[in-house]
Amino acid sequence: MILELDCGNSFIKWRVIHTAEAVIAGGGIVDSDQALVAEVAALVAVRLTGCRIVSVRSEEETDALCAVIAQAFAVQAQVAHPAQEMAGVRNGYDDYQRLGMDRWLAALGAFHLAGGACLVIDLGTAAKADFVAADGEHLGGYICPGMPLMRSQLRTHTRRIRYDDDSAERALVSLSPGRSTVEAVERGCVLMLQGFARTQLEQARALWGEAFTVFLTGGDAPLVKDAIPQARVVPDLVFVGLAMACPLD
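This text gives an overview of the structure that appears in the document. Fair warning: this is a prediction, and the values are worked out from it, not measured in the lab. (Residues numbered from 1 in each chain as written. Predicted model: local features only at pLDDT ≥ 70, side-chain atom pairs only at ≥ 80, totals over all residues. Heavy atoms only, no water.)

### Regarding the pattern of salt bridges
All told, the structure shown has 13 salt bridges when counted by the stated rule. Arg 57 is paired through a salt bridge with Asp 33; the nearest N and O atoms lie 3.2 Å apart. In this pair, Arg 57 is assigned in the loop between strand 4 (50–55) and helix 2 (59–73) and Asp 33 in helix 1 (residues 33–41), connecting sequence segments 24 residues apart. We note that Arg 57, like Asp 33, is buried. Of the charged contacts, one joins Asp 130 and Arg 103 as a salt bridge, the two residues approaching to 2.7 Å between their closest N and O atoms. Here Arg 103 lies in helix 3 (residues 101–114) and Asp 130 lies in strand 9 (residues 126–132), a separation of 27 residues in the sequence. (Salt bridge = Lys/Arg side-chain N within 4 Å of Asp/Glu carboxyl O. Helix = DSSP H or I, 4+ residues; strand = E, 2+ residues; numbered from the N terminus. Buried < 20%, exposed > 50% of the residue type's maximum accessible area, 1.4 Å probe, protein only.)

### Details of helix 3
The end-to-end C-alpha separation of helix 3 is 20 Å, in line with the 20 Å expected for 14 residues at 1.5 Å each. Summarising burial for helix 3: 11 of the 14 residues are buried, a large majority. Within helix 3, the full set of buried residues consists of Met 101, Asp 102, Arg 103, Trp 104, Leu 105, Ala 106, Ala 107, Leu 108, Gly 109, Ala 110 and Phe 111. Directly after helix 3, the chain includes Gly 115, whose backbone phi takes a positive value near 65°. (Expected span 1.5 Å × (residues − 1).)

### Quick notes on the layout of surface pockets
Size it by volume and the largest pocket reaches roughly 1100 Å³. Asp 6, Gly 8, Gly 124, Thr 125 and Lys 128 are, among the 35 residues lining the largest pocket, the residues nearest its centre. Elements that contribute at least two residues to the lining of the largest pocket include exactly strand 1 (2–7), helix 3, strand 8 (118–123), strand 9, strand 11 (213–217) and helix 7 (237–245). With three residues, helix 7 is the single largest residue contributor to the lining of the largest pocket. Considering only enclosed or pocket space, the second largest pocket measures out at about 370 Å³ in volume. Here the element with the most residues in the lining of the second largest pocket is helix 2; it accounts for three residues. Among the residues forming the lining of the second largest pocket, the class breakdown is six nonpolar, six polar and four charged. (1 Å grid on protein atoms, 1.4 Å probe; cavity = no way out; pocket = protein on both sides within 12 Å on 5 of 7 lines; lining within 4 Å. Points joined across faces, edges and corners; volume = space filled by probe spheres on them. Nonpolar A, V, L, I, M, F, W, Y, C, P; charged D, E, K, R; others polar.)

### Some thoughts on the pairing of strand 8
With respect to burial, strand 8 is a largely interior element, six of its six residues being buried. A two-sided burial pattern is seen for strand 8, the buried positions comprising Cys 118, Val 120 and Asp 122 on one face and Leu 119, Ile 121 and Leu 123 on the other. Bridge count for strand 8 against strand 9 is six bridges, and the pairing is antiparallel. Its bridge partner being in strand 9, Cys 118 is matched across the sheet by Val 132. (Pairing = 2+ DSSP bridges.)

Following this line, the structure appears as structure tokens:
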């Protein structure tokens, strides 16, 4: 079995897959290295043969996590690194090492699945979009605050905006004009996300007409999928690219 990790600044998304058929044996999201070890160890009959990691953390933090994995499960983790070109995709950044690894791997995965031009819209803490042409040229992309950042900024900098997460979830039963502050904030932020996604779609059409595939990924992809019904929702798109960057037998 292989342990796959997507390490963000705040959380670690993980899953364990069977090596041969890539069937998912378990997975989840944790907020610490210790919680990760506990959850993976709790899987019945788990015996890891490998581990691969994509991380946007510092090198020191990533090395520390690799050490924890080695001690807990006796496997040496492979960490994905930047590349100028991989799997037919050419990194479009002027300094290829500055492109976030999550974006790079999502672009690899999307191009592999699409077999041609593609637009990747990743909706997590930040909202990100990347464009890959039919010949594999990464054309660059856009980054703006995602739902968590927009919500946090409004709560932090506007004194009268105070509400809990349960209220936020209930507010999203519709997108009609809000009749309370929580409804107005939550629905307004969703509309901004949808506007971001639609703008990326317009950009892609200007580049390629209709000859491209749209991918939605990230935790808030469900908030946008109705606005872009033609999109393919692939929650684990980064893991598709990770398997390409760090192949394990």
